[in-house]
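Understanding the architecture of this molecule
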Amino acid sequence: FTQSPLCFFLQFLNENGYSQTLTVKSLQGPSTKDFLKIFAFIYSFICPNYEIPGSKFEEEIPRVFKDLGYPFPLSKSSMYTVGAPHTWPQIVAALVWLIDCVKVTCDWAAGKSCVRGASAGYRQSENGIDFNQVFLDYTVKCYDQFMEGSDTYEEADAEVYAKLKNLYAVDEPHLESLQTEARRLAEEIEKLEKEKEREPDRLASMRKLKASLQTDIQKYQNYLTEIESHSALMDQRVGSISEELEAVELEFEAVKQENLRLKNVLDHQKYSVADIERIKYEENELKETLTKLTKELDDEKQLLWSEELKYAKIKESVETEIAEFHKLARKLRLIPSTAENANGYDLQIECNLDSEESLHHCRNQINVRIPGRATHAQ
């Protein structure tokens, strides 16, 4: 059971002036009272003086359908539960059949259509010629000529053709121009289809290329983020080592000043043997301390040099990747901003890895120049 019968049913009621406003939703489960009003409205086209039965409608309505020749029996119990899901589809089918009976009755009615708001089959022309009447007159005239022994009906054909042209106000020059235009459009469509079959789908290939480039950009952004994190970690380590180196240099300078002071004391004062022995002992300790601090300073400088080499290699790798990106972008005509596929965006990356601020600037530059990618890059 679909809504199509309901739509047909609702259209008939609305077109023929049913007093109440109905919708498809309201017709999905109407009450018994609404059903009686709808039945009386439709049946009034066949029996104009019909009124809603005051009692025993459950017997009268099935009898009316039976008298009209409805092929399926309607039970009395179905009249009490017309809006129930198991009953309403059968009732709708019977009402649609009744509407068809109304239309058949109107077809055979003399003079004019008895249905208010007559359908297109009963449309009249300005001179009062009814289309169905024209067709019936043509049929009768051809049959009469056939009975008289005629095998051709040119005169009747010309007459009905003229009447139909007047009925529908046919504009033959306009019709011929429309036919010519239709043939031209059909030829153009056929030509375009052939051209489409010969040429590859450039839009699909460009979309595929765009998706590939967006994937590459995402990969480079992820890699740049990783390099930025690693660079920040290296900066922290370099800062820590620099602080340690400064502390060692300060300590070394303090020991050096103390050594000079002691040497000056030794040069300008007279010492006892015990003082000399003590001074020599302290001198040896200071030398050992100085040697140890010098070694630590050399180790720290060596470590700093090693970290600077690693940083230089990472910087060189990033610059190489950016150069490769620029090379690929030029091949794909994405840079400069005036290139064919750049769409006005400046996709050239200018990155200086010597400072953390420059790395942030580089990433923000990429996110700004490629709209819609900032969220993925973060």
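Computed from a predicted model, the values in this text were never measured in an experiment. (Residues numbered from 1 in each chain as written. Predicted model: local features only at pLDDT ≥ 70, side-chain atom pairs only at ≥ 80, totals over all residues. Heavy atoms only, no water.)

1. Considerations on the overall build of the protein chain
Along the protein chain, the regular secondary structure elements total twelve helices and zero strands. When the helices and strands of the protein chain are listed from N to C terminus, the series reads α-α-α-α-α-α-α-α-α-α-α-α. Summarising the internal contacts of the protein chain: among those between residues at least 6 apart in sequence, 56% fall at separations of at least 24. About 26,300 Å² of surface is accessible on the protein chain, with carbon and sulfur atoms providing 54% of the total. (Helix = DSSP H or I, 4+ residues; strand = E, 2+ residues; numbered from the N terminus. Contact = heavy atoms within 4.5 Å. Areas by Shrake-Rupley, 256 points an atom, 1.4 Å probe, with all protein chains shown as cover.)

2. Structural notes on the packing of aromatic side chains
Considering all chains together, one arrives at twelve aromatic pairs under this definition. Judged by centre distance (5.7 Å) and plane angle (40°), the ring pair of phenylalanine 39 and phenylalanine 65 falls under tilted. Of this pair, phenylalanine 39 sits in helix 2 (residues 32–43) while phenylalanine 65 sits in helix 3 (residues 57–68), placing them 26 residues apart in sequence. The burial state of phenylalanine 39 is the same as that of phenylalanine 65; both residues are buried. Here a set of aromatic residues connected by ring pairs shows up, and it is made of Phe35, Phe39, Tyr43, Phe65, Tyr70, Phe72 and Trp97. (Phe/Tyr/Trp six-rings, centres within 6.5 Å; stacked < 30°, edge-to-face > 60°. Buried < 20%, exposed > 50% of the residue type's maximum accessible area, 1.4 Å probe, protein only.)

3. Comments concerning a negative patch on the surface
A cluster of acidic side chains, namely Glu243, Glu244, Glu246 and Glu249, defines a negative patch on the protein surface. The topology assignment puts glutamate 244 in helix 9 (residues 202–268). (Patch = residues over 30% accessible without salt bridge, like charges linked within 9 Å, V, L, I, M, F, W, Y side chains within 5 Å. Salt bridge = Lys/Arg side-chain N within 4 Å of Asp/Glu carboxyl O. Lys, Arg positive; Asp, Glu negative; His and termini not counted. Charge placed at Lys NZ, Arg CZ, Asp CG, Glu CD.)

4. Notes on a nonpolar patch on the surface
A cluster of nonpolar residues, Tyr143, Phe146 and Met147, forms a patch on the protein surface that exposes about 360 Å² of accessible area. Of note, tyrosine 143 is situated in helix 6 (residues 131–147).

5. Topic: the confidence of the model for the protein chain
For the protein chain, per-residue confidence averages 78 on the pLDDT scale, and 82% of positions sit at 70 or higher. Counted against residues more than four places away or in other chains, residues 110–131, with its pLDDT under 50, gives 37 contacts. Throughout residues 368–378 the model reports pLDDT below 50, and contacts reaching past four residues in sequence, or to other chains, amount to 19 contacts. (pLDDT = per-residue confidence, 0-100.)

6. A closer look at unusual backbone geometry
You will see that arginine 333, though not glycine, has its phi angle at about 60°, which is positive. Relative to the helices and strands, arginine 333 is located in the loop between helix 10 (273–331) and helix 11 (356–369).

7. Looking at the pattern of salt bridges
For the structure on display, the rule yields eleven salt bridges. Between arginine 63 and aspartate 67 there is a salt bridge, with the nearest N and O atoms lying 3.2 Å from each other. Here arginine 63 and its partner aspartate 67 are both found in helix 3, four residues apart, which amounts to about one turn of the helix. Accessibility expressed as a relative area gives 44% for arginine 63, which makes it partly exposed. On the basis of relative accessibility, which here comes to 55%, the residue aspartate 67 falls in the exposed class. The salt bridge involving lysine 141 is made with glutamate 159; its shortest N-O contact spans 2.6 Å. Of the two residues, lysine 141 sits in helix 6 while glutamate 159 sits in helix 7 (residues 154–168), which places them 18 residues apart along the sequence. Taking relative accessible area as the criterion, lysine 141 reaches 34% and is therefore assigned partly exposed. The partly exposed category is assigned to glutamate 159, whose relative accessible area is 30%. One salt-bridge network, in which partners are shared between bridges, spans Lys141, Glu159 and Lys163.

8. Description of the nonpolar core
Nonpolar side chains tend to gather and get buried jointly when the protein is soluble and globular. Residues Phe9, Ile42 and Leu95 are the most contacted members of the largest nonpolar core, which totals 37 residues. Those elements that provide at least two residues to this core are helix 1 (4–15), helix 2, helix 3 and helix 5 (88–108). By residue number, the principal contributor to this core is helix 5, which donates ten residues. (Core = buried A, V, L, I, M, F, W, Y, C linked by side-chain atoms within 4.5 Å.)

9. Structural notes on the packing of helix 2 against helix 3
The interhelical angle for the contact between helix 2 and helix 3, taken along N-to-C directions, is 35°, at an axis separation of 12 Å. As for how helix 2 packs across helix 3, the hand of that crossing is left-handed. Where helix 2 approaches helix 3, its residues Thr32, Phe35, Leu36, Phe39 and Tyr43 are matched on the opposing element by Phe57, Ile61, Val64, Phe65 and Leu68. Looking at side-chain class alone, the contact of helix 2 with helix 3 contains nine nonpolar, one polar and no charged residues. (Axes fitted to C-alpha atoms, helices over the stretch in contact; angles between N-to-C directions. Left-handed = near helix turned anticlockwise from the far one by under 90°. Nonpolar A, V, L, I, M, F, W, Y, C, P; charged D, E, K, R; others polar.)

10. Quick look at the environment of cysteine 142
With respect to the helices and strands, cysteine 142 occurs in helix 6. We classify cysteine 142 as buried; its relative accessible area is 10%. In this structure the C-alpha to C-alpha distance between cysteine 142 and glutamate 154, which are twelve residues apart in sequence, comes to 9.7 Å. With near-sequence residues (within four places) excluded, cysteine 142 lies in contact with Tyr153 and Ala156.

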